[in-house]
Amino acid sequence: MNLYLRYFDNETLVYSVDEAIDFLARIDEIGMNPDLEDDIRAYVASDMIYPKRYKIRPRVYFIIIKTDAASMQEFKNNRTLREEPAPKERGTSPVILKLNEEREGWYEGSIDFKRVQMVPGTGKFQYRDTHFVAQVKAISGLDCYNRIVDHLRQRVDDRSQFPSAKGKNFQFVYLGKAK
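Because the structure is predicted, anything quoted here is derived from the model rather than measured.

Each value, and the rule that gives it
Residues numbered from 1 in each chain as written. Predicted model: local features only at pLDDT ≥ 70, side-chain atom pairs only at ≥ 80, totals over all residues. Heavy atoms only, no water. Core = buried A, V, L, I, M, F, W, Y, C linked by side-chain atoms within 4.5 Å. Buried < 20%, exposed > 50% of the residue type's maximum accessible area, 1.4 Å probe, protein only. Helix = DSSP H or I, 4+ residues; strand = E, 2+ residues; numbered from the N terminus. Contact = heavy atoms within 4.5 Å. Phe/Tyr/Trp six-rings, centres within 6.5 Å; stacked < 30°, edge-to-face > 60°. Lys NZ or Arg CZ within 6 Å of the ring centre and 35° of its normal. Salt bridge = Lys/Arg side-chain N within 4 Å of Asp/Glu carboxyl O. Pairing = 2+ DSSP bridges. Axes fitted to C-alpha atoms, helices over the stretch in contact; angles between N-to-C directions.

We now examine the nonpolar core. Of all hydrophobic cores here, the largest spans 18 residues; its most connected members are Leu-5, Leu-24, Ile-30, Ile-40, Tyr-54, Phe-62 and Ile-64. Listing elements by their share of this core, those giving two or more residues are β1 (2–7), α1 (17–25), α2 (34–45) and β4 (60–67). When residues of this core are assigned to their parent elements, the largest contribution, five residues, is made by α1. Not counting chain neighbours up to four residues away, the residues in contact with Tyr-54 comprise Leu-36, Asp-39, Ile-40, Tyr-43, Val-60, Tyr-61, Phe-62 and Ile-64. Core analysis: the next-biggest nonpolar cluster, separate from the first, contains 17 residues, Ile-111, Ala-138, Cys-144 and Ala-165 among them.

Structure representation (structure tokens):
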């Protein structure tokens, strides 16, 4: 297992934890100490496959990545192959594109929201997680979301909180054309 290290423009691919520690010790800003050295050795010895980020000062970090690459060029080539393809429109996420895609017909939308309800006996109110599913006739996923939220706003307390259509608390499925 090799290690890729980067601190701003300083980057290297090393073949042992000792080489990594030597590289980091040469950078004065990092301030290599026995605790940091022990932590790096523990990270390299662990089964963790995720990159490790070490904080130097507020908003300044160095990173260590475990890799099987034998050279820096191989590491950089592998990294570019794993990056996800860009969305069709620059600056727009795939979720937004799917939400705005117009396909008139029936949709089944499910939403998890915070509903305000009165607690019996105390007369106080509290938020409760509520799951709601509906089949609606709409022209897009966003229209489905808007119709469901409009329906719920007329039937629940005004203090209830609804998630964003782009978040994980709203899902929809296109069921088919309307007859």
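Moving on, there is more to tell.
Enumeration according to the criterion identifies eight aromatic pairs in this entry. Three or more aromatic residues joined by ring pairs form one cluster here, namely Tyr-107, Tyr-145, Phe-170, Phe-172 and Tyr-174. Over the aromatic face of Tyr-43 sits the side chain of Lys-66, whose NZ or CZ is 4.8 Å from the ring centroid. Over the aromatic face of Phe-172 sits the side chain of Lys-98, whose NZ or CZ is 5.9 Å from the ring centroid.

On to the pattern of salt bridges, then. The full count for this structure, using the stated rule, is eight salt bridges. A salt bridge links Glu-11 to Lys-76, with the shortest nitrogen-to-oxygen separation between them at 2.8 Å. With a gap of 65 residues between them, Glu-11 in strand β2 (residues 10–14) and Lys-76 in helix α3 (residues 72–82) connect regions that are remote in the sequence. The exposure class of Glu-11 is partly exposed, given its relative accessible area of 31%. Residue classification places Lys-76 among the partly exposed residues on the basis of a relative accessible area of 28%. Its salt-bridge partner being Asp-18, residue Arg-41 comes within 2.8 Å of it at the nearest N-O pair. Here Arg-41, found in helix α2, pairs with Asp-18, found in helix α1; they are 23 residues apart in sequence, far enough to count as distant. Beyond isolated ion pairs, a larger network of salt bridges with shared partners links Asp-18, Glu-37 and Arg-41.

This next bit is on the sheet that holds strand β7 (residues 170–176). Taken in spatial order, the three strands make up an open sheet running β6-β5-β7, and their pairing is antiparallel. Only two strands of the sheet have a single partner each, and these edge strands are β6 (125–138) and β7. Neighbour-to-neighbour, the strand axes of the sheet open up by a mean angle of 20 degrees, direction not taken into account. Both strand β5 (residues 105–118) and β7 contribute to a ladder of six bridges, which runs antiparallel. Across the sheet, the residue bridging to Trp-106 is Gly-176, located in β7. Sitting on the sheet, helix α5 (residues 141–153) is in contact with β5, β6 and β7, with an inclination near 130 degrees to β6.

Looking now at unusual backbone geometry. For residues that are not glycine, phi is negative in most cases, and the peptide bond is trans in most cases. A positive phi is found at Phe-8, a non-glycine position, where the angle reads about 50 degrees. Relative to the helices and strands, Phe-8 resides in the loop between β1 and β2. In this structure, Arg-59 is a non-glycine residue whose phi angle is positive, near 65 degrees. Examined against the element boundaries, Arg-59 turns out to sit in the loop between β3 (52–57) and β4. Relative accessible area serves as the criterion here: at 78%, Arg-59 is assigned to the exposed category.

A separate point is the environment of Ala-138. Mapped onto the elements, Ala-138 comes out in strand β6. Note: C-alpha distance between Ala-138 and Lys-177 (39 residues apart in sequence) is 9.9 Å. Apart from residues no more than four positions distant in its own chain, Ala-138 is found in contact with Arg-103, Glu-104, Gly-105, Tyr-107, Asp-143, Cys-144 and Arg-147.

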